[in-house]
Amino acid sequence: MAYSKNGNQITFTEDNIVDFEYPVDAIFEVDNILVVILKIPNGVYDRRNVFAFDRVGNFLWQIKDVPLYYKGKDCPFVGALINDQNELVLFNWCDTAVIVEPSTGDLVRTYQTK
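Not measured: the values here are computed from a predicted model.

Turning our attention to unusual backbone geometry. Phi angles above zero are rare outside glycine, and N86 is one such case at about 65 degrees. Residue placement: N86 occurs in the loop between β8 (77-82) and β9 (88-92). The backbone of D95 sits at a positive phi, close to 60 degrees, despite the residue not being glycine. Structurally, D95 can be placed in the loop between β9 and β10 (96-100).

Right, let's talk about the nonpolar core for a bit. Within soluble globular proteins, side chains that are nonpolar tend to cluster in buried spots. The biggest cluster of nonpolar side chains holds 19 residues, and the ones touching the most others in it are V35, V50, I63, F77, L88, L90 and V100. Secondary structure elements with two or more residues in this core: β4 (24-30), β5 (33-38), β6 (50-54), β8, β9 and β10. Tallying contributions element by element places β5 first for this core, with 3 residues. Leave out the neighbours within four places in its chain, and L88 touches V30, V35, A80, L81, I82, V98, I99, V100 and P102. If you look at the next biggest cluster of nonpolar residues, it comprises 12 residues, including V24, V36, L38 and F53.

Definitions and limits used
- Residues numbered from 1 in each chain as written.
- Predicted model: local features only at pLDDT ≥ 70, side-chain atom pairs only at ≥ 80, totals over all residues.
- Heavy atoms only, no water.
- Helix = DSSP H or I, 4+ residues; strand = E, 2+ residues; numbered from the N terminus.
- Core = buried A, V, L, I, M, F, W, Y, C linked by side-chain atoms within 4.5 Å.
- Buried < 20%, exposed > 50% of the residue type's maximum accessible area, 1.4 Å probe, protein only.
- Contact = heavy atoms within 4.5 Å.

Have a look at this one:
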């Protein structure tokens, strides 16, 4: 998938640039879908910092507000991986792993990480 990242932007093509409020922290490619995690600054409380785009840069979804195992204000998502079952797993600072359907962002299940 062709794209470039620069600070708060992802460029898919010359005329398709996506600007975010915060810097892009990590990008994961899953089944021709680009999953973007934003780096949330200290003192900002944002639990919906994951976005997905198709291979040409069309917006697909933003993570929904999901139930957490630890109840805290500072719970942004900070990482992701593809597990052994080929599922997209997102991790946040509040001991919650969230498995989502990459094409829709729908919640499959959650589990506690600590």
